[in-house]
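# Descriptive structure summary
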Amino acid sequence: MKSPPKTFHVKSFGCQMNVYDGDRMAETLAEQGMTATDDASAADLVVLNTCHIREKATEKVYSDIGRIRKHALRDHGSDPMIAVAGCVAQAEGAEIVRRAHVDVVVGPQAYHNLPGLVARAARGESALDTDMPVDLKFGHLPARRRVPPSAFLTVQEGCDKFCTYCVVPYTRGAEVSRGWNQVVDEAKALVDAGAKEITLLGQNVNAWEDDGKGLHDLIAALADLPALHRIRYTTSHPNDMTQGLIEAHRDIPKLMPFLHLPVQAGSDRILAAMNRSHTRASYLRLIERVRAVRPDIAVSGDFIVGFPGESEADFADTLSLLDEVRHAQAFSFKYSPRPGTPAATMADQVAPQVMDERLQRLQTTLGRDQAAFNAATVGARCTVLMERNGKLPGQLIGKSPWLQSVHVVGDAAIGDLVDVEIAAAWPNSVTGVIVKDEGANETGQRAKLDVAA
Ligand code: 5AD
Ligand code: SF4
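As the structure is a prediction and not an experimental result, all values here were calculated from the model. (Residues numbered from 1 in each chain as written. Chains lettered and ligands numbered in written order. Predicted model: local features only at pLDDT ≥ 70, side-chain atom pairs only at ≥ 80, totals over all residues. Heavy atoms only, no water.)

## A word on the overall build of the protein
The cut-off we apply is this: Helix numbers and strand numbers start at the N terminus; a helix is a DSSP run of H or I with at least 4 residues, a strand a run of E with at least 2. For a compact globule the rule gives 2.2 Å times the number of residues to the power 0.38, and the radius of gyration it is set against comes from C-alpha atoms. Each residue gets one of three labels from its accessible area relative to the maximum for its type: buried under 20%, exposed over 50%, partly exposed in between, using a 1.4 Å probe on protein chains only. For the accessible areas, the method is Shrake-Rupley and the probe is 1.4 Å, while residue cover comes only from the protein chains on display. Charged-residue counts in this description rest on Lys and Arg as positive and Asp and Glu as negative, His and the chain ends being excluded. For this purpose, a charge sits on NZ of Lys, CZ of Arg, CG of Asp or CD of Glu.
Within the protein, the secondary structure is distributed over 13 helices and 21 strands. What you see for the protein is a C-alpha radius of gyration of 22 Å, in line with the 22 Å of a compact globule of 453 residues. For the protein, the spread of C-alpha atoms along the three principal axes comes to 65 × 55 × 50 Å. Counting over 453 residues, the protein shows a buried share of 53%. Surface summary for the protein: the accessible area is close to 19,000 Å², and the carbon and sulfur share equals 53%. Each charge class in the protein was averaged separately, 49 positive and 57 negative side chains, and the resulting centres sit 3 Å apart.

## Examining the site of ligand 1
Cut-off, in case you're wondering: One heavy atom within 4 Å of a molecule or strand makes the whole residue count as near it. Under the rule applied, a polar contact is a pair of N or O atoms within 3.5 Å (in protein, one hydrogen donor and one hydrogen acceptor; residues adjacent in sequence only if both atoms are side-chain atoms).
For ligand 1, the full set of nearby residues is Ile53, Arg54, Tyr165, Gln264, Asp302, Ile304, Phe333, Lys334, Tyr335, Ser336 and Arg338. Separating an oxygen atom of ligand 1 from a side-chain N or O atom of Asp302 is a distance of 2.6 Å. Protein chains shield 87% of the accessible area of ligand 1, which is 400 Å² for the free molecule. Put simply, the parts of the chain that give the shell around ligand 1 at least two residues each are β15 (298-305) and β16 (329-334).

## Considerations on the packing of helix α9 (residues 243-251) against helix α11 (residues 280-293)
For clarity, the cut-off: Helix axes are fitted to C-alpha atoms over the stretch in contact, other axes to C-alpha atoms as well, and angles between N-to-C directions run from 0 to 180 degrees. Should the near helix be turned anticlockwise from the far one by less than a right angle, the crossing is termed left-handed; should it be turned clockwise, right-handed. Whether two residues touch is decided by their heavy atoms; if any such pair falls within 4.5 Å, the residues are in contact.
α11 packs onto α9 with a crossing angle of 35° between their chain directions and a minimal axis gap of 8 Å. By crossing handedness, the relation of α9 to α11 is classed as right-handed. On α11, the residues touching Gln243, Ile246, His249 and Arg250 of α9 are Leu286, Arg289, Val290 and Val293.

## Brief notes about the site of ligand 2
Keep this limit in mind: Side-chain classes follow a simple rule in which Ala, Val, Leu, Ile, Met, Phe, Trp, Tyr, Cys and Pro form the nonpolar group, Asp, Glu, Lys and Arg form the charged group, and the remainder, Gly included, forms the polar group.
Around ligand 2, the surrounding shell consists of Cys159, Lys161, Phe162, Cys163, Tyr165, Cys166, Val168, Pro169, His237 and Arg276. Classifying every residue of the shell around ligand 2 by side-chain character gives 7 nonpolar, 1 polar and 2 charged.

## Some remarks on helix α12 (residues 312-325)
Rules: Helices are assigned an expected span. That span is 1.5 Å times one less than the residue count. By definition, the arc is the one covered by directions from the helix axis to the C-beta atoms.
Helix length check: α12 (14 residues) gives 20 Å between terminal C-alpha atoms against 20 Å at 1.5 Å per residue, within 8%. Among the residues of α12, Asp314, Phe315, Thr318, Leu319, Leu321, Leu322 and Val325 are the ones counted as buried. Down the axis of α12, the buried side of the element spans an arc of 150°, and every buried residue falls inside it. Next to the buried residues of α12 lie α10 (268-273), α11, β15 and α13 (352-376). Two residues or fewer past α12, Arg326 is found with a positive phi of approximately 55°.

## Thoughts on the packing of helix α7 (residues 180-192) against helix α8 (residues 215-223)
Two elements in contact, α7 and α8, have axes whose closest approach is 11 Å; the angle formed by their N-to-C orientations is 35°. Between α7 and α8 the crossing geometry is right-handed. Taking contact as the criterion, the partners of Trp180, Val183, Val184 and Ala187 in α7 are, on α8, Asp217, Leu218, Ala221 and Leu222. Its residues assigned to classes, the contact of α7 with α8 comprises 7 nonpolar, no polar and 1 charged.

## Considering the domain arrangement of the protein
As a reminder of what qualifies: Here the bounds of each domain stem from an automatic or database domain assignment. What gets called buried area is simply the loss in accessible area from a 1.4 Å probe that two parts show on being joined, summed for both. Note on definitions: salt bridges are taken to be side-chain nitrogens of Lys or Arg within 4 Å of carboxyl oxygens of Asp or Glu.
The domain architecture assigned to the protein consists of domain 1 (7-129), domain 2 (137-376) and domain 3 (381-434). Across the boundary between the two partners, domain 1 contributes 22 residues, which contact 29 residues of domain 2. When domain 1 packs against domain 2, close to 2,400 Å² is buried across both sides, 57% of that on carbon and sulfur atoms. For the domain 1 face of the interface with domain 2, the top three residues by lost area are Met17, Tyr20 and Arg24, together amounting to 28%. On inspection of domain 1 and its partner domain 2, the count reaches 2 salt bridges. Mapped by element, the contributors of at least two residues to the side of domain 1 that touches domain 2 are α1 (16-31), α2 (55-76) and α3 (86-92). Considering each element in turn, the side of domain 1 that touches domain 2 owes the most residues, 10 residues, to α1.

## What about the packing of aromatic side chains?
Heads up, the rule is: A pair of Phe, Tyr and Trp rings is counted when the ring centres sit within 6.5 Å of each other, with Trp represented by its six-membered ring. The angle between the planes then sorts it: under 30 degrees is stacked, over 60 is edge-to-face, the rest tilted. Comment: the charge-over-ring label is applied if NZ (Lys) or CZ (Arg) is within 6 Å of the ring centre and within 35 degrees of the ring normal.
With the rule as written, the count across this model stands at 5 aromatic pairs. Aromatic pair Phe162 and Tyr170: ring centres 5.6 Å apart, planes at 75°, arrangement edge-to-face. Relative to Phe307, the ring of Tyr165 has its centre 6.3 Å away and its plane inclined at 85°; by these criteria the two rings are edge-to-face. Placement of the pair is Tyr165 in the loop between β8 (156-157) and α6 (168-171) and Phe307 in the loop between β15 and α12, with a sequence separation of 142 residues. When sorted by exposure, Tyr165 lands in the same class as Phe307, which is buried. A connected cluster of aromatic rings, assembled from ring pairs, spans Tyr165, Phe307 and Tyr335. The side chain of Arg99 reaches across the aromatic face of Tyr62, ending 3.7 Å from its centre.

## Quick look at the pairing of β16
Worth spelling out the cut-off: Note on pairing: two strands pair once DSSP finds at least 2 bridges between them. A right-handed crossover is one whose linking path, passing over the helix from the first strand to the second, runs clockwise when the strands point away from the viewer.
Pairing of β15 with β16, which is carried by 6 bridges, proceeds in the parallel orientation. Note that in β16 the partner of Gly301 across the bridge is Ala330. Crossover handedness for the path β15 to α12 to β16: right-handed.

## Regarding the layout of surface pockets
Stated precisely, the cut-off is as follows: In the cavity and pocket records, a cavity denotes points on a 1 Å grid over the protein atoms alone where a 1.4 Å probe fits but cannot get out, a pocket denotes an open set with protein on both sides within 12 Å along at least 5 of 7 lines, and lining residues are residues with an atom within 4 Å of a point. Grid points are joined across faces, edges and corners, and a volume is the space filled by probe spheres set on the points.
Roughly 740 Å³ of internal volume is contained in the second largest pocket. Taken together, 25 residues form the lining of the second largest pocket, with Asp23, Ala26, Glu27, Ala36 and Arg146 sitting closest to its centre. For the lining of the second largest pocket, the secondary-structure elements that each account for two or more residues are β1 (7-12), α1, β2 (35-36) and β7 (150-154). When residues of the lining of the second largest pocket are assigned to their parent elements, the largest contribution, 7 residues, is made by α1. Its residues assigned to classes, the lining of the second largest pocket comprises 13 nonpolar, 6 polar and 6 charged.

Now the structure itself:
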């Protein structure tokens, strides 16, 4: 038995959806009268909102639990209540209680029940909920209050694609879209609370649908909110990229010129083994169609090296795909076998040293392309949404329309949309200079970026 917690700390790992979920859990606990603290070792309740996508992410949960307990005991002589939430909770369930003696286990579709589970744990009762109810948790969550200038909004969860390496269809369940009204109401609440930019989130966000309406209809409706300045969405699957969504990048100025569209690999043989249901050629054709309507769009992606059976020739196909696309940024990972997925038991698992070496070559090429993209924006005028303070006095860091981090020194505050000229480019960011005259605006900034060279 532990006394009911008065303070809590939520720590989120993994994707942006977990960041969103973590914020919503914090709001739910605050609604119950608990107080958030930044210091995990001082909190009565620590919520670890976990990620199961790769083995390293999963193992981190167990080492974190040990470390939190040690620090709480050393610094405060206390033994906090520990709740494991998120995808590890969903996948491992009671195994976590057995292995790490945590107090609460709550899956990603059940976190609206967190306060009740915490109360049960305080009474010394078992507190595990990994149900995936069809009626979504969102209806049970409290209203949004304090939000950052750039806010996340989950509109879709789950995945029906079953890529052979991926645990998401098992941990997050089948594809489910939140209803139109619910999403629009939450967007309005975010804007009322100060959000200038909203990023619509979903494991397959471009599969969002409600009553025949698609993501592009939703984006068009949100673009009508006067105080909302920018809209983004992530993550998309190539097969759900509709003509309507492509054209939205031409027709809706508030939709930012950025597209995160994972391709994973450049070899058709590997794409088939991954069950990606698109080919190299169909992906490249898609990128062409998007660039035809929005030439300056920044293309981002995810890549996996060392999928079972990947030969040097297959990997060379991935590198040549990079040469064709020229990504503005990308995430890249070594293949990690996940229990229960088809790829985990495939023959020809690739040796770790080979994966290391391929990842390095891939990242060198991606670094080249990112630097080239950043360099191509030098001289462009654009609007930057200021998000946080930089390290230097008077310095602010914001995001360009192309999602670059822009460092600016000058007269501006967090939450401001500021007209900037990009003055210098670095591997992972650019430097901007505030411009006082008119001439930079979200449409006007369809700069002549020669990024698809
Ligand atoms: N191993 C390595 N990377 C993976 N991803 C998903 N599952 C695995 C895995 N088993 C990557 C994919 C996906 C991103 C979110 O994580 O690139 O797009
Ligand atoms: Fe995983 Fe593939 Fe679904 Fe993405 S599309 S979440 S990689 S199964």
